[in-house]
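Structural features, examined
These are the residues of each chain, in order.
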Amino acid sequence: MDFFNRKQQALYAEQCPVTELAKQYGTPLYIYSRATIERHWHAFDQAAGTRPHLVCYAVKANSNIAVLNVMARLGSGFDIVSQGELMRVLEAGGDPKKVVFSGVGKTAEEIAFALKLGIYCFNVESAAELDRIQTVAQTLDIIAPISLRVNPDVDAGTHPYISTGLKENKFGISIEQAPELYQYASSLSHLNIKGVDCHIGSQLTEVLPFLDALDRVLKLVDLLAEQGITLSHIDVGGGLGVCYDDETPPHPKEYAQAIAEKLVGRDLTLIYEPGRAIMANAGILVTQVEYLKVNEDRNFAIVDAAMNDLLRPALYQAWQAIVEVELTDDIAKAAYDVVGPICETGDFLGKDRNLAIQAGDLLAVRSAGAYGFTMSSNYNSRPRAAEVMVDQDKHYLVREREALSQLWQGESLLP
Ligand code: LLP
């Protein structure tokens, strides 16, 4: 559930009319709803019940510091994959002691930075990374808390680009090799083995793959205990899907409770790393129709947002709802391909959408709060969009629209 609703014909973000926001801040414009973010975050937090747990929001989904700050105020932890994301968390008032550091390519510099801040845990993805963390930790004489990210080899049944738990993926350590690597880790002087981590993919619309993965990971936990390695936490990753179209993913509560049930009787802190489930439906992308163009067999709505603003449709053929900001009965509906100004055939936001529009009208791409702005670029030398956060009847510019002159900042001419 989100807080982008209609009052009569007009789309509202909480109590703010979207048309007014677009007038004030221009388009393309990302709009986020604070109430939606908080509602989704609490759903995860509450579903874990009394078990010790930490919701580590996956920063990659939306890393605007205002977004992070909303969650930091709730006491959220964060899942990061780079020093940049960690610095954003700090800037947003997040607690580094509630940060888990994921990712296959952590540099020595990034590891040192995170170690000095005393993060909660490194999710280690390879034997070579284990050695690197040991070396950096020894140099700094700080004990590094670690988990191994294991790959349980389950099929998440999602898009191949966002499925990460299969053997052929670059992520994690195969669950068969994990015991040996845990033994090795326990022999290293500056590592403290804290837990186990797994993340099997994104936009999963069923609970079953999560539970299959968890069964396999819990077997590993038991095996390690027999071998004298006791873990204190289990990180189940992120990946819970949302409804973009007609998917029926489990509610975060249902998902989190199913997981919590499997852990009954175990003394393990539970960590979640949700990204999309918190942010996707907490944001929309508002764009203005520049031209309507009719070819022999297709109608195009050429809008001022493009694949550089929202890459998901072009990259994954992802479907996101596109709706008129103001409904009208005065114009007949027609089927449009909603496309951007970028010089690529793949530059579309949606195809074959039934819309009643004319040039100058506003459209809203729904479910754009996750992997929207964070995946945006300057392709075709297009400044990145502005971002606004609404909070009931108030609205705040949380990122200025990029200025044209910023496009070549840091570049220089030859002497
Ligand atoms: N933890 C780890 C280690 C991850 O790799 C990810 C996402 C998450 C947590 C959060 O997953 P979520 O709850 O958001 O599904 N750009 C793609 C999604 C890529 C996800 C990458 N990893 C998209 O737009 O669909």
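The structure displayed is predicted, hence computed values, not measured ones.

Criteria and thresholds
Residues numbered from 1 in each chain as written. Predicted model: local features only at pLDDT ≥ 70, side-chain atom pairs only at ≥ 80, totals over all residues. Pairing = 2+ DSSP bridges. Helix = DSSP H or I, 4+ residues; strand = E, 2+ residues; numbered from the N terminus. Right-handed = clockwise from strand over helix to strand, strands pointing away. Contact = placed C-beta atoms within 7 Å. pLDDT = per-residue confidence, 0-100. Near = placed C-beta within 6 Å. Nonpolar A, V, L, I, M, F, W, Y, C, P; charged D, E, K, R; others polar. Domains from an automatic or database assignment. Expected span 1.5 Å × (residues − 1). Buried ≥ 20, exposed ≤ 12 C-beta atoms within 10 Å, placed from the backbone. Arc of directions from axis to C-beta. UniProt positions renumbered as here; feature names shortened; annotations may be inferred. Axes fitted to C-alpha atoms, helices over the stretch in contact; angles between N-to-C directions. Parallel < 35°, antiparallel > 145°, perpendicular 65-115°, else oblique. Left-handed = near helix turned anticlockwise from the far one by under 90°. Core = buried A, V, L, I, M, F, W, Y, C linked by C-beta atoms within 7 Å.

Let's talk about the pairing of strand β13 (residues 269-272)
In this structure, strand β5 (residues 53-58) lies alongside β13, joined through three bridges in parallel fashion. If you follow Leu 54 over to β13, its bridge partner there is Ile 271. Two elements, strand β12 (residues 233-235) and β13, share three bridges in a ladder whose sense is parallel. Paired with Asp 235 across the two strands is Ile 271, which belongs to β13. Taking the sense of rotation as the criterion, the β-α-β connection linking β12, helix α9 (residues 252-262) and β13 turns out right-handed.

Regarding the environment of Val 365
Within the element layout of this structure, Val 365 appears in strand β19 (residues 362-365). Each C-alpha atom of the pair Val 365 and Arg 6 lies 14 Å from the other, and the pair is 359 residues apart in sequence. Sequence-distant contacts of Val 365, that is, excluding residues within four places in its chain, are made with Ile 284, Leu 285, Thr 287, Leu 310, Gln 320, Ile 322 and Leu 349.

A few points about the confidence of the model for the chain
This prediction gives the chain a mean pLDDT of 95; 97% of its residues lie at or above 70. What the predictor reports for the complex is a pTM of 0.97 with an ipTM of 0.99.

Brief notes about the site of the ligand
As a matter of local geometry, the ligand sits amid 20 residues, with Ser 202, Gly 238, Gly 275, Arg 276 and Tyr 371 nearest to it. For the shell around the ligand, the secondary structure elements donating two or more residues are α10 (276-279) and α11 (312-316). Here the shell around the ligand is built from residues that sort into eight nonpolar, eight polar and four charged. Inspection of the shell around the ligand shows a minimum of three residues originating in each of domain 1 (4-32 + 280-408) and domain 2 (34-276).

Here's the deal with the sheet that holds strand β3 (residues 16-17)
Here we have three strands laid out as an open sheet, ordered β1-β2-β3, and antiparallel in their pairing. Among the strands making up the open sheet, the edge pair consists of β1 (4-7) and β3. Bridge analysis of β1 against strand β2 (residues 10-13) gives four bridges, and the strand direction is antiparallel. In the sheet register, Asn 5 faces β2, and the bridge partner there is Tyr 12.

Structural notes on helix α8 (residues 208-226)
Taking 1.5 Å of rise per residue, the 19 residues of α8 would be expected to cover 27 Å, and the 27 Å separating its terminal C-alpha atoms lies within 8% of that figure. Residues of α8 that are buried: Pro 209, Phe 210, Ala 213, Leu 214, Val 217, Leu 220 and Leu 224. For α8, the arc enclosing every buried residue in end-on projection is 125°, short of the 170-degree limit, so these residues lie on one face. More than 90 degrees from the buried face of α8, the exposed residues found are Leu 208, Asp 215, Lys 219, Asp 222, Ala 225 and Glu 226. Where the residues of α8 are buried, they touch β9 (144-151), α7 (178-186), β11 (191-197), β12 and α9. Following α8 by one or two positions, Gly 228 has its phi on the positive side, about 90°.

Regarding the domain arrangement of the chain
Domain annotation for the chain reports domain 1 (4-32 + 280-408) and domain 2 (34-276). At the junction of the two partners, domain 1 supplies 22 residues and domain 2 supplies 19 residues. Those elements that provide at least two residues to the side of domain 1 that touches domain 2 are β20 (386-391) and β21 (394-399). A total of four residues in the side of domain 1 that touches domain 2 trace back to one element, the largest contributor, which is β20. Within the side of domain 1 that touches domain 2, the residues separate by chemical class into 12 nonpolar, six polar and four charged.

Some details on the UniProt feature "binding site: pyridoxal 5'-phosphate" (unreviewed entry) in the chain
Following the UniProt record, the feature "binding site: pyridoxal 5'-phosphate" (unreviewed entry) maps to Gly 239, Glu 273, Pro 274, Gly 275, Arg 276 and Tyr 371 here. Its location among the elements puts Gly 239 in the loop between β12 and α9. By the C-beta count within 10 Å, which is 29 here, Gly 239 ends up buried. Excluding residues that lie within four positions of it along the chain, Gly 239 makes contacts with Ala 156, His 199, Ile 200, Gly 201, Ser 202 and Leu 204. Relative to the elements of secondary structure, Pro 274 occurs in the loop between β13 and α10. The exposure class of Pro 274 is buried, given the 26 C-beta atoms found within 10 Å.

Here we look at the environment of Ser 202
Structurally, Ser 202 can be placed in the loop between β11 and α8. Measuring from C-alpha to C-alpha, the distance between Ser 202 and Arg 276 comes to 8.1 Å, with 74 residues separating the pair along the chain.

Details of the packing of helix α2 (residues 34-47) against α9
Where α2 meets α9, the axes come as close as 8 Å, and the angle between the chain directions of the two elements is 25°. On the basis of their axis angle, the class for α2 and α9 is roughly parallel. Seen along the crossing, α2 lies across α9 with a hand that is right-handed. Between α2, through His 40, Ala 43, Phe 44 and Ala 47, and α9, the contact on the second element is made entirely by Pro 252, Lys 253, Ala 256, Gln 257 and Ala 260.

Focus on the nonpolar core
Ranked by size, the top nonpolar core spans 122 residues in total, and within it Val 18, Ile 31, Ile 133 and Val 286 carry the most contacts. The element that contributes the greatest number of residues to this core is α8, accounting for six residues. Two domains each donate at least three residues to this core, and these are domain 1 (4-32 + 280-408) and domain 2 (34-276).

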